[in-house]
Amino acid sequence: MENLLHSTRSHTTVPSCFVLPSRHLKPATYAAVSLPIIDLSCSHDEVSRAILDAGKDFGFFQVVNHGVSEEAMRDMEAVCKEFFQLPMAEKADTYSEDAKRANRLFSGTVFKTGNVRCWRDCLSLSCSFPVGDSAKEWPDKPHRLREVVEKFTVLTRGLGMEILRLLCEAMGLRHDYFEGDISGGNVILHVNHYPPCPDPSLTLGLHPHCDRTIITLLLPSMVPGLEVAYKGDWIKVEALPNAFVVNFGSQMEVVTNGLLKSIEHRVTTNSAAVRMTVATFIRPTADCVVGPAENFVSEDNPPRYRTLAFHEFERVYEQNLKNVGKA
């Protein structure tokens, strides 16, 4: 457990295993560009079109008036904060460096940067639907964690599915296209904990990456950090109170044959404050076969992506990351 960043009260230096080459640390310059904000209480057609337009232009957007109660959001933030404040001994059973373990506490993810680690600790939780016995595999401390996480996950997944239904209407797909196996895999929650970093110019909280999901919903922090790739540069995301940040993943890019892109994003660090976020990943089942939908394929626009079972896509994805890391 000594690998956990938050096991040390404060850090005075950045260990070499976290230090990135300068080419990976180009600062964001698109300060004047902001992500689209979509009010889900507006008219059905207006919202549907806004989601598609935001997906085409940015791949990311924020949603407000989304139906997830402020109480559920604050409870989730509070119980996650309590978890990371627990004594290390009370989290020992949850800690694991085994990436195949469904529910675990770990530190220092590696993406495309060889053996350089991210300045992040993460509690990863897996949730089946209906939730059933999967909650019994989650930590039992703090005492309300299971109750709060289950409520939050059900509400957030419901929001994600509603966004997908609205998107289908705008794209001319049947409204339930993303129901069933294509969104039926276990929902994965990442509770991301970014401790203050003594030198933010040397490392990142998360390296640039794309999500392999259908859709991701982020309960953001008011502490800045998330940045989104845009026209060869980076946009600093200014999170709105009580909003979710939404982005489409690689499976959406495949289904739409590239109409909607899975956009790279990263997280910067800061030296002053802890930053905590909760990402909800909606994914296909392992055996679900995903390929370009017929609506997006024609003689003039042939398939740009292979049709693969999701577990095979994940294997190829992981192998590509390893190969890039060696380059």
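Just so it is clear, the structure is predicted and the values come from calculations on it, not from any experiment.

What counts, and where the lines are drawn
- Residues numbered from 1 in each chain as written.
- Predicted model: local features only at pLDDT ≥ 70, side-chain atom pairs only at ≥ 80, totals over all residues.
- Heavy atoms only, no water.
- Helix = DSSP H or I, 4+ residues; strand = E, 2+ residues; numbered from the N terminus.
- Expected span 1.5 Å × (residues − 1).
- Pairing = 2+ DSSP bridges.
- Axes fitted to C-alpha atoms, helices over the stretch in contact; angles between N-to-C directions.
- Core = buried A, V, L, I, M, F, W, Y, C linked by side-chain atoms within 4.5 Å.
- Buried < 20%, exposed > 50% of the residue type's maximum accessible area, 1.4 Å probe, protein only.
- Polar contact = N/O pair within 3.5 Å; in protein donor to acceptor, adjacent residues only side chain to side chain.
- Contact = heavy atoms within 4.5 Å.
- Salt bridge = Lys/Arg side-chain N within 4 Å of Asp/Glu carboxyl O.
- UniProt positions renumbered as here; feature names shortened; annotations may be inferred.
- Disulfide = S-S within 2.5 Å.

Our focus in this paragraph is helix H3 (residues 145-171). In this model H3 runs 38 Å from its N-terminal to its C-terminal C-alpha over 27 residues, within 8% of the 39 Å that 1.5 Å per residue would give. Directly after H3, the chain includes glycine 172, whose backbone phi takes a positive value near 80 degrees.

With that settled, consider the sheet that holds strand S9 (residues 233-236). If you walk across this open sheet you meet the 4 strands as S6-S11-S8-S9, and the pairing is antiparallel. With partners counted over all chains shown, the strands left at the sheet margins are strand S6 (206-209) and S9, one partner each. Across this sheet, the average inter-strand angle for adjacent strands is 25 degrees, counted without regard to direction. In this sheet, strand S11 (residues 265-267) lies alongside strand S8 (residues 226-230) in antiparallel orientation, the contact comprising 3 bridges. In the sheet register, leucine 226 faces S11, and the bridge partner there is valine 267.

For the rest of this paragraph, the subject is the nonpolar core. Core analysis: the biggest nonpolar cluster contains 64 residues, and Ile51, Phe61, Val63, Met76, Ile163, Phe178 and Phe244 have the highest contact counts within it. Among the elements that take part in this core, H3 stands out by supplying 13 residues, more than any other. Judged by nonpolar contacts, the second largest core, of 18 residues, contains Leu35, Tyr194, Leu206 and Ile235.

Counting through the fold element by element, arginine 275 comes out in strand S12 (residues 275-282). At a separation of 2.8 Å, a polar atom in the side chain of arginine 275 contacts the main-chain carbonyl oxygen of valine 223. Residue contacts for arginine 275: discarding those within four places in its chain leaves Asn192, His193, Tyr194, Ser221, Val223, Pro224, Gly225, Leu226 and Val267.

Turning next to the pattern of salt bridges. Per the counting criterion, the structure on display carries 14 salt bridges. With a closest N to O distance of 3.0 Å, aspartate 176 and arginine 174 form a salt bridge. Among the ionic pairs, glutamate 314 bridges to arginine 212, the shortest N-O distance being 3.6 Å. With glutamate 314 in helix H5 (residues 310-326) and arginine 212 in the loop between S6 and strand S7 (215-219), this residue pair connects regions lying 102 residues apart in the sequence. Judged by its relative accessible area of 18%, arginine 212 falls in the buried class.

What follows is about the UniProt feature "domain: Fe2OG dioxygenase" (unreviewed entry) in the protein chain. As annotated in UniProt, the feature "domain: Fe2OG dioxygenase" (unreviewed entry) corresponds to residues 184-284 in the numbering used here. The distance separating the terminal C-alpha atoms of residues 184-284 is 5 Å; by composition the span is 6% helix and 42% strand.

On to the state of the cysteines, then. Scanning all chains against the criterion turns up 0 disulfides. Take cysteine 168: it sits in no disulfide, and the sulfur closest to it among the cysteines is that of cysteine 288, at 14 Å. Here cysteine 168 falls in the buried class, since its relative accessible area comes to 0%.

This brings us to unusual backbone geometry. Residue proline 130 follows phenylalanine 129 across a cis peptide bond; omega there is -5 degrees. Here proline 130 lies in the loop between strand S4 (121-127) and H3. Cis geometry is found at the peptide bond from lysine 141 to proline 142, where omega equals -5 degrees. Mapped onto the fold, proline 142 is located in the loop between S4 and H3. One non-glycine residue with positive phi stands out, namely asparagine 65, at about 50 degrees. Tracing the backbone shows asparagine 65 in the loop between strand S2 (60-64) and helix H2 (70-85). Its identity as a non-glycine residue notwithstanding, lysine 231 has a phi of 50 degrees, on the positive side. Within the secondary structure, lysine 231 sits in the loop between S8 and S9. Overall, the relative accessible area of 67% leaves lysine 231 in the exposed class.

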